[in-house]
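Analysis of the macromolecular model
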Amino acid sequence: QVQLVESGGGLVQAGGSRRLSCAASGRILSINAMGWYRQAPGKQRELVAAITSGGSTNHADSVKGRFTISRDNAKISVYLQMNSLKPEDTAVYYCTAVVRTVPGWGDLWGQGTQVTVSS
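Here's what I pulled together on the structure shown here.

**A word on the state of the cysteines**
Applying the stated criterion across every chain, the model contains 1 disulfide. Two residues, C22 and C95, share a disulfide whose sulfurs are 1.9 Å apart. Across the S-S bond linking C22 and C95, the dihedral sits near 40°, which makes this disulfide right-handed. Here C95 lies in strand β9 (residues 91-100) and C22 lies in strand β3 (residues 18-25), a separation of 73 residues in the sequence.

Put into C-alpha cells, the structure is as follows:
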C-alpha cells in the first residue's frame, strides 16, 4: 500500500521549534513535488510550503523566515523545520506528494499530525 506517514507533531511553547517528518512507503515509481498543508479548527486547509523534485521551494508568507521545507529523495521523505512558533500556527499538518505508482500519477496525502502551540 502506498502511503505517507507524518511524525513530529506535539505540544510546544510559543517561540519554540518543532521538526515534522513525512516518509513515503509502498511501490512508488517516481515522486515529483512534495509539500505541507495545515488546517486549523474552523478554517480551510492552506498551503504552508512546497518543494519540487529539484529542490526549489515556496513558503507561505505567514511562515517565511520561520519555517523551512526540505526533502531527502533517497529516503522519499519531506521535512518541515518550524522555528519561532506562534499560537496561530496551531493546526493539523498534512504532508502531500505527487507520486507515480503503477496506475499512474496522483496526489498522495498523509493522515495528519497535530501541532499545538501554547502561549
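**Describing the sheet that holds strand β1 (residues 3-7)**
Strand order in this open sheet of 4 strands is β1-β3-β8-β7, and the pairing throughout is antiparallel. Bordering the open sheet on either side are β1 and β7 (67-72), each of which pairs with just one other strand. The mean inter-strand angle of the sheet, taken between neighbouring strand axes irrespective of direction, is 15°. With 5 bridges joining them, β1 and β3 adopt antiparallel strand pairing. Considered in β3, the bridge of S7 is made with S21.

**What to know about the pairing of β3**
Alignment of β3 against strand β8 (residues 77-82), held across 6 bridges, turns out to be antiparallel. Its bridge partner being in β8, R18 is matched across the sheet by M82.

**Notes on the environment of G106**
Looking at where G106 falls in the secondary structure, it is placed in strand β10 (residues 105-109). Under the relative-accessibility criterion, G106 is labelled partly exposed at 29%. Through-space distance from the C-alpha of G106 to that of I31 is 9.7 Å; in sequence the pair is 75 residues apart. Discounting residues that sit within four places of it in the chain, G106 has contacts with A97, V98 and V99.

**Concerning the packing of aromatic side chains**
Here a ring pair, both rings aromatic, is described through the centre-centre distance and the interplanar angle of the planes. What the rule picks out here adds up to 1 aromatic pair. Summarising the aromatic geometry, the rings of Y37 and W109 are spaced 5.1 Å apart at their centres and angled 55° between planes, so their arrangement reads as tilted. Placement of Y37 in strand β4 (residues 30-39) and of W109 in strand β10 is noted, with a sequence separation of 72 residues between them. On the accessibility criterion, Y37 (26% relative accessible area) is partly exposed. Among the residues examined, W109 registers a relative accessible area of 36% and is labelled partly exposed. Here the basic side chain of R19 rests over the ring of Y79, its NZ or CZ set 4.2 Å away from the ring centre. Sitting over the ring of Y94, R45 keeps its end group 3.8 Å from the ring centre.

Conventions we followed
- Residues numbered from 1 in each chain as written.
- Predicted model: local features only at pLDDT ≥ 70, side-chain atom pairs only at ≥ 80, totals over all residues.
- Heavy atoms only, no water.
- Disulfide = S-S within 2.5 Å.
- Helix = DSSP H or I, 4+ residues; strand = E, 2+ residues; numbered from the N terminus.
- Pairing = 2+ DSSP bridges.
- Axes fitted to C-alpha atoms, helices over the stretch in contact; angles between N-to-C directions.
- Buried < 20%, exposed > 50% of the residue type's maximum accessible area, 1.4 Å probe, protein only.
- Contact = heavy atoms within 4.5 Å.
- Phe/Tyr/Trp six-rings, centres within 6.5 Å; stacked < 30°, edge-to-face > 60°.
- Lys NZ or Arg CZ within 6 Å of the ring centre and 35° of its normal.

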